[in-house]
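# Notes for the structure review
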Amino acid sequence: MLNFSWPIDGSIVGVYLLATMIAGLMVRKYVQNVDDFIVAGRAMDLHLGIASLAATEFGIVTCMYAAQNGYEKGFAGATPGILMALAMFFVGATGFCIEPLRAAGVSTIPELFERRFGLGVRWASGVVIVVGGLLNMGVFLRIGGEFLVFVSGLNPDYLEIVMTVLLVGVAIYTILGGMLSVLVTDYLQFIVMSMGLVAITLLILFKVGWSSLVETVQANHGAGGFNPFANDAMGVPYVLFNAIFALATVLTWQTIVQRVLSAKDSATGRRVFTRTSFFFVCRFIIPGIWGIAALAMLGSEAAASDGSLYAMPKFLSLTVPTGLMGLLVAAMLAADMSTDSAYMLSWSSVIYNDVLAPFRRRRPWSERVGLLVNRALVGAIGIFLLLYGLWYPLKGDLWTYITVTASIYLSSMSVLLIACCYWTKANNWGAIAAIACGAVVPIAYLILEQVPATHEFARRIGPYWSGLAAYALTGAAMVVGSLLKAAFATDPSPPKGQT
Amino acid sequence: MSHPFWLLLSIACLVWYSTITIYVAVKGASDIVAMLKTLSPPEDADRAPTLAGRG
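The structure displayed is predicted, hence computed values, not measured ones.

## Considerations on the overall build of chain A
Broken down by element type, chain A carries 23 helices and 0 strands. Taking 23 Å as the expected radius of gyration for a compact globule of 499 residues, we find that chain A reaches 22 Å, a close match to that expectation. Principal-axis analysis of the C-alpha atoms gives chain A an extent of 75 × 55 × 40 Å. Sorting the 499 residues of chain A into buried and exposed places 60% on the buried side. Within chain A, residue pairs in contact and separated by at least 24 positions form 85% of the contacts whose partners lie at least 6 positions apart.

## Describing helix α7 (residues 109–117) of chain A
Most of α7 of chain A sits out of view: 8 of its 9 residues are buried. Where α7 of chain A is concerned, the buried positions are Ile109, Pro110, Glu111, Leu112, Phe113, Glu114, Arg116 and Phe117 of chain A.

## Describing the interface of chain B and chain A
In this complex, chain B contributes 27 residues to the contact, which on the side of chain A involves 36 residues. Residue classes in the side of chain B that touches chain A are distributed as 15 nonpolar, 9 polar and 3 charged.

## Comments concerning the nonpolar core
Residues and elements named next belong to chain A. Met64, Ala293, Leu328, Ala331, Met332 and Ala431 are the most contacted members of the largest nonpolar core, which totals 192 residues. For this core, the element with the highest residue contribution is helix α10 (residues 159–208), accounting for 22 residues. With residues near it in sequence (within four places) discarded, Met64 still touches Ile143, Phe147, Leu309 and Leu398.

## Regarding the packing of α10 of chain A against helix α18 (residues 324–355) of chain A
Residues and elements named next belong to chain A. In contact at an axis separation of 5 Å, α10 and α18 are set at 140 degrees when each is read in the N-to-C sense. The element α10 and its partner α18 pack so that their crossing is left-handed. Partitioned by chemical class, the residues of the contact of α10 with α18 number 22 nonpolar, 8 polar and 3 charged.

## So, helix α11 (residues 210–221) of chain A
Residue and element names in this part refer to chain A. Counted at 1.5 Å a residue, the expected span for α11 with its 12 residues is 16 Å, and the 16 Å between its end C-alpha atoms agrees. Of all the residues in α11, the buried ones are Leu213, Val214, Thr216, Val217 and His221. Angular distribution of buried residues about the axis of α11 spans 160 degrees; they occupy a single face of the element. What points out from α11, more than 90 degrees from its buried face, is the exposed set Ser211 and Ala219. On its buried face, α11 sits against α4 (60–73), α10 and α15 (279–298). Just past α11, the residue Gly222 takes up positive phi, approximately 65 degrees.

## Here we look at the packing of helix α9 (residues 140–152) of chain A against α18 of chain A
Residue and element names in this part refer to chain A. Look at α9 against α18: their axes get within 11 Å of each other, and the N-to-C directions meet at 175 degrees. Relative to α18, the element α9 is oriented roughly antiparallel. Counting all contacts with α9, which are made through Phe140, Gly144, Phe147, Leu148, Val151 and Ser152, the residues of α18 involved are Leu328, Val329, Met332, Asp336, Thr339 and Asp340.

## Section: the environment of Ile38 of chain A
Within the element layout of this structure, Ile38 of chain A appears in helix α2 (residues 34–39). As a C-alpha pair, Ile38 of chain A and Ala76 of chain A span 38 residues in sequence and 38 Å in three-dimensional space.

## Topic: unusual backbone geometry
All names here are of chain A. Even without being a glycine, Ala40 presents a positive backbone phi close to 50 degrees. Within the secondary structure, Ala40 sits in the loop between α2 and α3 (46–56). Given 32 C-beta atoms within a 10 Å radius, Ala40 is considered buried.

## Considering the environment of Ile191 of chain A
Within the secondary structure, Ile191 of chain A sits in helix α10. Overall, Ile191 of chain A belongs to the buried group, with 20 C-beta atoms counted inside 10 Å. Considering only alpha carbons, one finds Ile191 of chain A and Phe315 of chain A, 124 residues apart in sequence, at a separation of 24 Å. Discounting residues that sit within four places of it in the chain, Ile191 of chain A has contacts with Thr21 and Ala25 of chain B.

## Regarding the environment of Thr108 of chain A
Residues and elements named next belong to chain A. Structurally, Thr108 is set in the loop between α6 (98–103) and α7. The class of Thr108 is buried, set by 26 C-beta atoms lying within 10 Å. Between the C-alpha atoms of Thr108 and Ser349, which are 241 residues apart in sequence, the distance is 7.8 Å. Discounting chain neighbours no more than four positions away, the residues touching Thr108 are Gln254, Ser349, Val350, Asn353 and Asp354.

## Some details on the confidence of the model for chain B
Residue and element names in this part refer to chain B. Summarising the model, chain B shows a mean pLDDT of 78, and 71% of its residues fall at 70 or more. A low-confidence stretch, residues 44–55 stays under pLDDT 50, and its non-local contacts, those more than four residues away or across chains, total 12 contacts. The ipTM value of the predicted complex is 0.84, and its pTM value is 0.86.

The rules behind each value
Residues numbered from 1 in each chain as written. Chains lettered and ligands numbered in written order. Predicted model: local features only at pLDDT ≥ 70, side-chain atom pairs only at ≥ 80, totals over all residues. Helix = DSSP H or I, 4+ residues; strand = E, 2+ residues; numbered from the N terminus. Rg over C-alpha atoms; globule rule 2.2 N^0.38 Å. Buried ≥ 20, exposed ≤ 12 C-beta atoms within 10 Å, placed from the backbone. Contact = placed C-beta atoms within 7 Å. Nonpolar A, V, L, I, M, F, W, Y, C, P; charged D, E, K, R; others polar. Core = buried A, V, L, I, M, F, W, Y, C linked by C-beta atoms within 7 Å. Axes fitted to C-alpha atoms, helices over the stretch in contact; angles between N-to-C directions. Left-handed = near helix turned anticlockwise from the far one by under 90°. Expected span 1.5 Å × (residues − 1). Arc of directions from axis to C-beta. Parallel < 35°, antiparallel > 145°, perpendicular 65-115°, else oblique. pLDDT = per-residue confidence, 0-100.

See the structure below:
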């Protein structure tokens, strides 16, 4: 029997939604120009930054793939979270790349690239960021809707309506208030989300018990459930790929970097990174425990009927009592809304700032037109999300889909950023070669995997070796391309602004 | 104690969330007030001096 009660749990969710909408709409009057809309006037301080980053980087989709990792891989499934935390702390403590990035006063990473590599590289970077980012985000809405339908026991026929209502709510305050609304609602959402996550995890530990979780992992996964190197599905390539993926994400993922760029100074941006780093462990451990608990209580048969992705929401719908269920749904709504709003804003800001940059240059837009275009872009991304979510049927492992689509731009952008900041010989030939290599390898892998004739070949390579190849080839392309230009280019004059 | 690494890490996550949430809830509210003050519309007398410090 499902435990969601409309009068009790529905009221808790309703109060949360009302408070979020009011807060999001109230700050819209402070948006005076494009800078306020995209980076909140660069007035964000440390604690708001921590709340916003933590809320943005934990959505229902995060909860689902981390729980799926826990269900399928045991505690070892939290390895990507530990690697991400280490990468975050390293970058925050050293200021690696983010220090010069924030000091440059840019709104997006491609804007920095233009100063070093020229307008063409800025535009190409914007395009791959948007393609990779939107494909990555495309599954968020459907996964969020499916979680809510599963947990609350709604008729699955209402999935599209739930997705649409969720999206419209988020889009309204994001379109009107931009980054300011995102920051203020993120703050509220972080509090609600944290309360829900802690309460549900304590409930699960109380009901299932730590010993039972450990025994379940031991029985289903053996030593590989505790040690990624002893897990047949993980091993060295998984850990190595996720380590590089984590560093690239921390350096160039637009929603993370946007917090650095919105910070009032470099030191604040770095502190947001170091102090939020441990959150990335929590982000995998807490839903991972939920996934392991689902395995303990429902058994491996749960994956056979609905797929391993849905074992956790099915378990929660049967375990969480009325009252706490309202807090769970509000917490997950908070997690999803904060992620969706920040992601919509991030990709729209890259489209406005970088993909449309050449067109704005010929005839500069007024602040009023700029704001209008930004708002229209956020709305357009919302429509894309709705259509993609309705159309795209997710097959296989959600975390692998997320990493492969993100790698379309992470490999090239991280190589470009490091070269831009620290390698004086880097130039636009190397940058273009790196962008092409970084996009071609993951896309080629996705195609090889889909074509029946090459499916077995792709399976033998696996997503982790192909991902590692993308980073290695992208780095090599940057070096070779830059050295070739130095050797053969006839015009020695650098692009405007090159140092 | 079975698998102390994962047990300690799980406890640390719950402690981190519990403490950070309270800390950020208090401090973050004053950050929002300060941010909105900095971004107040032009008719607000505070706007002119704070704009100089933006960026």
